[in-house]
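The residues making up each chain are set out below.
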Amino acid sequence: MLNRHPLRAAVIGAGILGVDLAEKLLASTTLTCTLVTGRRDSSGLRLAAELGCATSTAGVDAVGSDIDIVFDASNAAAHPAHWGELASREDVLLVDLTPSSGGTMVAPTVNGYRAESARHLNLVSCGGQAVLPVLNALAQHCTPAYVEVVTTAASASVGPATRRNLDEYLATTEYAIRRLTHAPEAKVLTAISPARPAPAFRAEVTVLASDLGGSEPTLRASVEAAAAEVRSFAPGYAVTSVVVADGRVTVSVRVTAPGGRLRSYAGNVEIINAAAVAVAERNAASRKEVRSDGHRGQARARA
């Protein structure tokens, strides 16, 4: 007998990220958000309660034994302790949306299969989720010697925890880029824009490679194919420019949110939350082999 009930999820963190994530989980057919927890009473917890989620100010201590997946939308400094609390619970998947360096780094269209067996997933950063699919596509045509990424987010879409974690954001994103492309050097820069009207989230990727292969149309087609895959879970993801010249390729990406509670300019929130739901849904699909005797099928046996 297969377990067809939605997996029960908890979100740690009730900021912009956590509340939007809870709303996305409630819209999923294979996941549901049953708890949003933080460390203090806040407007975010009240919004979560309005969505129908149980709320708590006990942080990770509020995560009960009935939870299947925990999403950490708190901050990088707190994340190791959260994993420490949950590591011994073999049936719980922890999805880290903070820019910490623990766990298996994953982007849905790059190595999303890791969600089928890993128990501790690291989504790198919003910038990482925006550029890793593009870099993965380019790496099929060259060996990058240097990668540079510049991201810009609207001030209104960047919460206090994200602002405190800017150093971690830069370091973790650079590390993920080096891991994926094998580039010996990577640099990430970011800007928080107070402009009005608020600008959409964007990222510009520059790759230097002496063996850059393929014509501009070929590279453009590869990047566009990668973008189309991302749009399967984040429809507002778009490549706006691909320029190739003298061993250099520059790709510009823009991400918009679908609107509603999350404003359209908050593509940084949209891309990482959409990625979080995508990998969790892949994990849920792998659990469909769970039998009534409690043993997992082959997908989980590979963990």
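Residues numbered from 1 in each chain as written. Predicted model: local features only at pLDDT ≥ 70, side-chain atom pairs only at ≥ 80, totals over all residues. Heavy atoms only, no water.

## What to know about the sheet that holds strand E9 (residues 186-193)
- Read across the sheet, five strands follow the order E9-E8-E10-E12-E11 without closing on themselves; strand pairing throughout is mixed. Each edge of the open sheet is held by one strand with a lone partner, namely E9 and strand E11 (237-245). The average undirected angle you get between the axes of adjacent strands in this sheet is 10°.
- Relative to strand E12 (residues 248-255), strand E10 (residues 201-208) is paired through eight bridges, and the arrangement is antiparallel. Looking across to E12, one finds that Val207 is bridged to Val249.
- The sheet contacts of helix H5 (residues 126-139) involve strand E8 (146-154), E10, E11 and E12, and relative to E10 the element is tilted by about 35°.
- Along the sheet, helix H7 (residues 166-181) contacts E8 and E9; its crossing angle with E9, the most-contacted strand, is approximately 140°. (Pairing = 2+ DSSP bridges. Helix = DSSP H or I, 4+ residues; strand = E, 2+ residues; numbered from the N terminus. Axes fitted to C-alpha atoms, helices over the stretch in contact; angles between N-to-C directions. Contact = heavy atoms within 4.5 Å.)

## Some details on the sheet that holds strand E5 (residues 93-96)
- Across the sheet, which stays open at both edges, the seven strands sit in the order E3-E2-E1-E4-E5-E7-E6 with parallel pairing between neighbours. Each end of this open sheet is capped by a strand with a single partner; those strands are strand E3 (54-56) and strand E6 (104-105).
- Two elements, E6 and strand E7 (residues 120-122), share two bridges in a ladder whose sense is parallel. When the bridges of E7 are listed, Thr104 appears paired with Leu121.

## Some words on the UniProt feature "binding site: NAD(+)" (unreviewed entry) in the protein chain
- Residues annotated in UniProt with the feature "binding site: NAD(+)" (unreviewed entry) correspond here to Ser157, Val158, Gly159, Pro160, Ala161, Thr162, Arg163, Arg164, Asn165 and Asn268.
- Secondary-structure assignment places Thr162 in helix H6 (residues 160-164).
- Inspection of the secondary structure puts Arg163 in helix H6.
- Within the local environment of Arg163, its side chain forms a polar contact with the side chain of Ser155, the two groups lying 2.9 Å apart. (UniProt positions renumbered as here; feature names shortened; annotations may be inferred. Polar contact = N/O pair within 3.5 Å; in protein donor to acceptor, adjacent residues only side chain to side chain.)

## A short note on the pairing of E8
- Taken across its nine residues, E8 has seven buried, putting it largely inside the fold.
- One ladder, built from seven bridges, connects E8 with E10; its direction is antiparallel. Considered in E10, the bridge of Tyr146 is made with Leu208. (Buried < 20%, exposed > 50% of the residue type's maximum accessible area, 1.4 Å probe, protein only.)

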